[in-house]
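Spelled out from the first residue to the last, the chains are:
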Amino acid sequence: MSGAGPPPRLRPKKAIYSDPGFALDAVPAEATAFMRKMVATATQDSVRTMNPRWSQADIDAELAGFALFDPAFFDGVRGDYVPERPVVPSLVQVADPSFTINAELAAELERRGFEVRTVKGAGHCVHRDDLPGFMASLEGWI
């Protein structure tokens, strides 16, 4: 397929980025240290305490993910991955608060052609933290 681009099944008509890690250099070092410890020591109770709105299924899924997680990830997650422009119409859902998308970056993404919608009170796992807010942020988009 020289020069033909990706196959049609990989050419979405729209894209949604949910609290993406576009600017990982902006994540404070203390937040990275906290996340490293959180993943290493997570229990049912600690995940439930940090995420009181999550269902038991969400907690179980988080712990299963942590069990498979490679802590070396934290050693290599630096950099700026902010796209120059959206390739297709693109929505960026922003958690509030967000470690990865601050107000300046949200405004820059809008200047670059992205639609940005904030889900107030949701953390990084927007869909788990506030499913109604997550769904409301998609209204008119999908």
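Just above, that's the structure.
Please read all numbers here as calculations on a predicted model, not as lab measurements.

A. Representation of the side chain of Ser 137. By the secondary structure assignment, Ser 137 is in helix α7 (residues 131–137). You can call Ser 137 buried: its relative accessible area is 7%. At 2.7 Å, the side chain of Ser 137 forms a polar contact with the backbone oxygen of Phe 134.

B. Representation of the pattern of salt bridges within the structure. Evaluation of the coordinates by the stated rule reveals eight salt bridges. A salt bridge links Asp 45 to Arg 48; the nearest nitrogen and oxygen atoms lie 3.4 Å apart. Of the two residues, Asp 45 and Arg 48 are both situated in helix α2 (residues 44–50); the distance of three residues between them amounts to about one turn of the helix. It is possible to trace a salt-bridge network through shared partners that takes in Glu 84, Glu 108, Arg 111 and Arg 112.

C. Structural detail: the environment of His 124. Tracing the sequence through the fold places His 124 in the loop between β3 (115–120) and α6 (126–129). Along the primary structure His 124 and Ser 18 are separated by 106 residues, whereas in three dimensions their C-alpha atoms are 8.0 Å apart. Setting aside residues up to four positions removed in sequence, His 124 forms contacts with Asp 19, Ala 95 and Asp 129.

Definitions and limits used
- Residues numbered from 1 in each chain as written.
- Predicted model: local features only at pLDDT ≥ 70, side-chain atom pairs only at ≥ 80, totals over all residues.
- Heavy atoms only, no water.
- Helix = DSSP H or I, 4+ residues; strand = E, 2+ residues; numbered from the N terminus.
- Buried < 20%, exposed > 50% of the residue type's maximum accessible area, 1.4 Å probe, protein only.
- Polar contact = N/O pair within 3.5 Å; in protein donor to acceptor, adjacent residues only side chain to side chain.
- Salt bridge = Lys/Arg side-chain N within 4 Å of Asp/Glu carboxyl O.
- Contact = heavy atoms within 4.5 Å.

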